[in-house]
Structure formats: C-alpha cells, structure tokens
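Spelled out, the chains give:
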Amino acid sequence: MKTCQSFYIGGAWTEPAAGATVMEVLNPATEQVSGTVALGGPEDAQRAVAAAHAAFDGFSRTPLNERLELLAAVCALFEKRMDEVADAITEEMGAPLAALSKPAQAFMGLAHFKTALEAAREYPFERTRGTTHILREPVGVCAMITPWNWPINQIACKVAPALATGCTMVLKPSEFAPYSAWIFAEILHEAGVPAGVFNMFYGDGAVVGPVLASHPLVDMVSLTGSTRAGASVSHNAADSIKRVSLELGGKSANIICESADLTKAVTHGVRSMMSNTGQSCNAPSRMYVPASRLDDAETIAAQVCARLVVGDPRGDRTGVGPIANQRQYERVQRLIQAGIAEGATLLCGGPGRPDGLERGFYAKPTVFSRATDGMTIMREEIFGPVLTIRPYEDIEEAIRSANDSLYGLSGYVYAGTVDEARAVAKRLRTGMVHLNGASIDLAAPFGGYKQSGIGREWGEVGFEEFLETKSVYGSEPAA
C-alpha cells in the first residue's frame, strides 16, 4: 500500500490542513486499492502559493548557469529512478510496463528536462535592437494542473521550462495518478531545487482549481485537461488578468490519401489509436479512407485490432492495458453503445471487457466504420481504444470533414509522397500534423487550435509561456 498523504510545500513534506479528505487509489488492472492520497483544500492551495511567492524574488534573479546546473541535476536523478517512475505509472494508471511505461511514459519526463536544458543554453534571454535592450524575464508564480493519462510527461513539460526561465510554481497533479508525482517531487528536492520554488499538493480539481486560477499572487496558470476544465480556469483567471496556457482535448483526423500504402497506413493508424489504451489527447481517432478502398481498409483494421494483446500491464506481451479509472471506463462504454445505436458498422470490439478478463477497467479495442459526420463517435472525444473510420469520395470532402470539429489539436496524413501529404497538412486547422507516420518532436511546439487550447508547450517555444518581455530604451549608445 502506498500513501501520499503529505504535501511538498516550502521545501519540506508537510501535513495537509485540517479537513483534508483521504481518497483510495485503485489499481485499474485489478480494481483493488493500491494506496491512498490526501485531498487538500483551499488552505493548502493558499500555503503553496504563498511559498512560491516568497521564493520568486530570489529565484528569478538566479544566474542562468545555476539554473542549467539544476536542470542537469534533475536529469541525472531522474535517470537513476526511471524504473521507479515507470513502475508507479503502471500501478496508478495501467500503462503496460514494458511496452509503454518505461520506453515512453517515464522516458518523456526525462526527455523534457533534457530538451529544456539544451534550449536554455541557447535561448536569447537578452538581446539588443538598436539602442533598446530587450529582456525576457520570468512571468512569476505559476500554477500547474495536470491530468492522469500521461502523468509525468505533462508534469515535466511544464516544470522544466518554468525552472529554466526562473519561475516558481505550484503543481496540482491528478489525484488519480499520485505516485509518479510523489517520486518527481522527491527528485526535485534531492536535486537541490531551492525551498518554495517547487511546491506540490494533491486535491480535487473542481475544488482547488478555482482557488489557484483566481489567486492574486498567481501570475500564470497552465492546465492540461478537458475543454470543460479549461473553460473553468479561464473564467476564474479573468478577473486578475493573468496568463493562461491550456492544452485541452482533441479529435484528431487521420487522412489516408488514395496514393498511400493502405496496409501500412491503416496498420499504423490502428496501432497509434490504441496506444496508451486510446487515452491520448492527440490520438488519431477519426480515420478517413477513400470510399473505393474502404472494404480493404476495414479488413486490415479488423485484423490489426484482433492481434492486439490486451491484459495485465505487467505482462511482457501486453500492448493495451486497462482504462485508467472507473469513471473513464464507464464513459468509454457509453460512447461505444452510442456508436452502435447510431448505426455505425462495428468491425471489432464492442461493449464490455475482452474475453477472459473479469476484473479491471479493460475495454475491448473497438473499430467502427461507415460513420457519418453527425455521429457522436465522430464528434466527441472518447478517450479510449475506439477508432472510427469514415469513407470519403475526394480529398476536398476529407479535408472539409476533418476540419468540421470543435477541436484542432493534431492531425495525420498518409500519402504516396511527402509533397502530397504536406499539401493536405497545410489545409488542416490543427496545431500539429504527422506526415506518413512521423513521430513527435520534443523540440517542436505542442498545442492546438480552437477548443484544443491556447498557447504551446515543449522546446524553446514552450519557454514563451513562462516569460514576460521588457524593453529597456536607451540602454545602448546611439550610432
């Protein structure tokens, strides 16, 4: 049994304020209690913000070389504890250990710190334009609210640039994924992050999120979560005119062009969708296939889906683990039922657990086909292992339908040539597009259009969210 009943505030582990509740954490693979987490309230949020505010003046003036040394120390310690982080992620949210938790989930935490370290070495924190000196200075106290689906990835991609730029912060990680966040706090403490620079407490987002977003001493809020949560943060932050950075939902289109290698494209699309049990905001959940090739695409998709190994996330062969929690499992089941009720063709999967799995929040990898734009499974983010195939007559129809969404986080294009794929990508209203199976680039901006968010994370561009700009006129002699 793991216990996460202390908060890291002001450089030390402290007890929650009176009135904190304790929540049981379930292992999603077994539905058994794996530990407990304390849920703090407004008083804990206030203490954490006060600690970050007190530390800001000193840390914001820290020389860059000292911040670089701090980032390097975090990298070294994170690497030593990589196995622990991966194990914690598997325990708390069910990601397959060998296939995902260590090579991707835990790895991304380290990778973001290494990327931030390299970016900070070259970043133009100061430059001169004529007689004016232009400074990029830390924005201030940053409140960070992160989800359970890629827990360390989404913590690290906020904390690393905040440390690199000289900000102080309060992290409210998901109470559904507390274990990896606890280890992360231990790593930062051991690395020598000054007291008050990094603070962490657990809590129900609906209770403490508004406190953080509206707090007059918080200068910036960074949220990764649902569009509904993003709207709440925006409303609560409005009165104090603070900066808000939002990375929200997605319903990403995957356009397979007539010229594409169909087997390769469909196989990659299915596997990408089912990775992390479909619980990725940028998952390619809408697959567009030429109507003339639909029958073949359906056969390929069903075959790929049938070969996926669903089961114990600690099994060596497991590729798809459980849904991370019961609430999300029940939502996925409702939306699978909606797809059937609205007349989509069910190629594989469907409601309920896979055969032989009687316990755990396991969902069947599911592929629907012959969907139309008005169907719920084409409109709503399911956030589970559910792929929807939609046929199209010409590429104009595919692009028009792909852009007909509230979301605009990511997109995918498969074509016979990169030039053709790039031409389609330029017309997609999304923040990112993957061409012909290209993977992510941690140094490139991550974020979306429309209701998928505001701002960008990752790499050098991710620094911008944590920096203010100051012009100092007359700093240089006139020519």
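Just so it is clear, the structure is predicted and the values come from calculations on it, not from any experiment.

Asks: Explain the nonpolar core to me, and be specific about the residues and the numbers.
Replies: Grouped together as the largest cluster of nonpolar side chains are 104 residues, with contacts concentrated most on F113, V159, L163 and F198. It is helix α4 (residues 97-122) that contributes the most residues to this core, 11 residues altogether. Ignoring sequence-local partners within four residues, the contact set of V159 consists of F113, M144, M169, F184, L188 and F198.

Asks: Describe the pairing of strand β9 (residues 168-172), listing the residues and the values that go with them.
Replies: Taking burial as the measure, the 5 residues of β9 include 5 buried ones, the bulk of the element. When strand β8 (residues 141-145) meets β9, the two strands line up parallel, connected through 5 bridges. Across the sheet, residue A143 finds its bridge partner in β9, namely V170. For the crossover from β8 across helix α5 (residues 151-165) to β9, the handedness is right-handed. Handedness of the crossover joining β9 and strand β10 (residues 198-200) through helix α6 (residues 178-191): right-handed.

Asks: Give me the pairing of strand β11 (residues 220-224): which residues, what numbers.
Replies: A large share of β11 lies buried, amounting to 5 of its 5 residues. In β11, alternate side chains face the same way, and those of M220, S222 and T224 on one face and V221 and L223 on the other are all buried. With 4 bridges joining them, β8 and β11 adopt parallel strand pairing. In the strand pairing of β11, I145 is matched with L223.

Asks: Go over the packing of helix α2 (residues 64-80) against α4, please, and point to the residues and values.
Replies: One way to put it is that α2 packs onto α4 with a least axis distance of 10 Å and a crossing angle of 160 degrees. By the angle between their axes, α2 is roughly antiparallel relative to α4. Of the two elements, α2 crosses α4, and the hand of that crossing is left-handed. Contact residues: α2 offers L64, L68, L71, A72, V74, C75, F78 and E79, while α4 offers A106, G109, L110, F113, K114, A116, L117, A120 and R121. Broken down by class, the residue content of the contact of α2 with α4 amounts to 13 nonpolar, 1 polar and 3 charged.

Asks: Any chance you could break down the environment of S471 for me, citing the residues and the numbers?
Replies: Mapped onto the elements of the fold, S471 is located in strand β23 (residues 467-472). You can call S471 partly exposed: its relative accessible area is 36%. Distance in space between the C-alpha atoms of S471 and G352 is 60 Å, their sequence separation being 119 residues. The contacts of S471, once residues within four sequence positions are left out, are T132 and H133.

Asks: Give a description of the pattern of salt bridges that names residues and reports values.
Replies: In total, this model carries 22 salt bridges according to the counting rule given. We note a salt bridge from D87 to R314, for which the minimum N-O separation is 2.6 Å. With D87 in helix α3 (residues 82-93) and R314 in the loop between α10 (294-307) and α11 (326-341), this residue pair connects regions lying 227 residues apart in the sequence. With its nearest N and O atoms 3.2 Å apart, the salt bridge here joins K470 to E137.

Asks: Could you give an account of α2, naming the residues involved and the relevant values?
Replies: With 17 residues, α2 extends 25 Å from end C-alpha to end C-alpha; this agrees with the ideal 24 Å at 1.5 Å per step. Within α2 the residues assigned to the buried category are R67, L68, L70, L71, V74, C75, L77 and F78. Check the buried side of α2 and you find it contacts α1 (42-60), α3, α4, α5 and α6.

Asks: Tell me about the sheet that holds strand β6 (residues 126-129), and name the residues and values.
Replies: If you walk across this open sheet you meet the 3 strands as β6-β7-β23, and the pairing is antiparallel. The open sheet terminates on both sides in strands that have one partner only, identified here as β6 and β23. Going across the sheet, the axis of each strand differs from the next one's by a mean of 25 degrees, ignoring polarity. Pairing between strand β7 (residues 132-138) and β23: 6 bridges, direction antiparallel.

Asks: Help me get a handle on the UniProt feature "domain: Aldehyde dehydrogenase" (unreviewed entry) in the protein chain, residues and values and all.
Replies: UniProt's feature table lists "domain: Aldehyde dehydrogenase" (unreviewed entry) at residues 13-472, given in the numbering used throughout. Helix makes up 42% of residues 13-472 and strand 20%, whereas the separation of the span's terminal C-alpha atoms amounts to 41 Å.

Asks: Can you explain the UniProt feature "active site" (unreviewed entry) in the protein chain? Please cite residues and give values.
Replies: In the numbering adopted here, UniProt assigns the feature "active site" (unreviewed entry) to E247. Here E247 is to be found in strand β12 (residues 243-247). Relative accessible area serves as the criterion here: at 4%, E247 is assigned to the buried category. With residues near it in sequence (within four places) discarded, E247 still touches Q154, L223, T224, G225, C281, L409, F446, S452 and E457.

Asks: Lay out unusual backbone geometry with the relevant residues and their values.
Replies: Non-glycine residue I241 carries a positive phi angle of around 50 degrees. Looking at the element boundaries, I241 is found in the loop between α8 (227-238) and β12. Given a relative accessible area of 72%, I241 falls into the exposed group. Even without glycine at this site, N436 takes up a positive phi of about 50 degrees.

Asks: So, the environment of T165: which residues are in play, and what are the values?
Replies: Position of T165 relative to the elements: it lies in helix α5. Classification of T165 as buried rests on a relative accessible area of 2%. With 98 residues separating them in the primary sequence, T165 and R67 have C-alpha atoms 8.1 Å apart. What T165 contacts, discounting residues up to four positions off in sequence, is R67, F125, P138, F463, F466 and L467.

Asks: Would you mind going over the side chain of T227 in detail, with residue names and values included?
Replies: Residue placement: T227 occurs in helix α8. At a separation of 3.2 Å, a polar atom in the side chain of T227 contacts the main-chain carbonyl oxygen of Q451. Contact partners of T227, with chain neighbours within four places excluded, come to L248, G249, Y407 and Q451.

Asks: Can you tell me about the state of the cysteines, naming the residues and giving the values?
Replies: Each disulfide consists of a covalent bond between the sulfur atoms of two cysteine residues. With the rule as written, the count across this model stands at 0 disulfides. Free cysteine: C281, not disulfide-bonded; nearest cysteine sulfur from C157 at 9.7 Å. Between C348, a free cysteine, and C305, which holds the nearest cysteine sulfur, the sulfur-to-sulfur gap is 3.0 Å.

Conventions used here
- Starting afresh in each chain, residues are numbered from 1 along the sequence in its written order.
- Note on the predicted model: pLDDT of at least 70 is required for a residue's local features to be given, and 80 or more for side-chain atom pairs to be given and counted; whole-chain, interface and lining totals, by contrast, use all residues.
- For the side-chain quantities, the full set of heavy atoms in the structure was used; hydrogens and water were omitted.
- Think of a nonpolar core as a cluster: buried Ala, Val, Leu, Ile, Met, Phe, Trp, Tyr and Cys residues, connected wherever their side-chain atoms sit within 4.5 Å.
- Residue burial is assigned from relative accessible area. The probe radius is 1.4 Å, only protein chains are included, and a residue is buried under 20% of its type maximum, exposed over 50%, and partly exposed in between.
- Helix numbers and strand numbers start at the N terminus; a helix is a DSSP run of H or I with at least 4 residues, a strand a run of E with at least 2.
- Whether two residues are in contact is decided by their heavy atoms: any pair within 4.5 Å suffices.
- Strands qualify as paired when DSSP identifies two bridges or more between them.
- When the strands point away from the viewer and the path from the first strand over the helix to the second turns clockwise, the crossover is right-handed.
- Angles here are taken between N-to-C directions and fall from 0 to 180 degrees, while the axes themselves are lines fitted to C-alpha atoms, restricted in helices to the stretch in contact.
- Throughout this description, any angle smaller than 35 degrees is read as roughly parallel, any larger than 145 degrees as roughly antiparallel, any in the 65 to 115 degree range as roughly perpendicular, and the remainder as oblique.
- The crossing is said to be left-handed when, going from far helix to near helix, the turn is anticlockwise and less than a right angle, and right-handed when the turn is clockwise.
- Amino acid classes used here: Ala, Val, Leu, Ile, Met, Phe, Trp, Tyr, Cys and Pro are nonpolar; Asp, Glu, Lys and Arg are charged; the rest, including Gly, are polar.
- Definition used for salt bridges: Asp or Glu carboxyl oxygen within 4 Å of a side-chain nitrogen of Lys or Arg.
- Multiplying 1.5 Å by the residue count of a helix minus one yields the expected span of that helix.
- UniProt positions are given in the numbering used here, feature names are shortened, and annotations may be inferred rather than shown by experiment.
- Two N or O atoms form a polar contact when they lie within 3.5 Å of each other; inside protein one atom must be a possible hydrogen donor and the other a possible acceptor, and for residues adjacent in sequence the pair counts only when both atoms belong to side chains.
- Disulfides are defined in this document as cysteine sulfur pairs within 2.5 Å.

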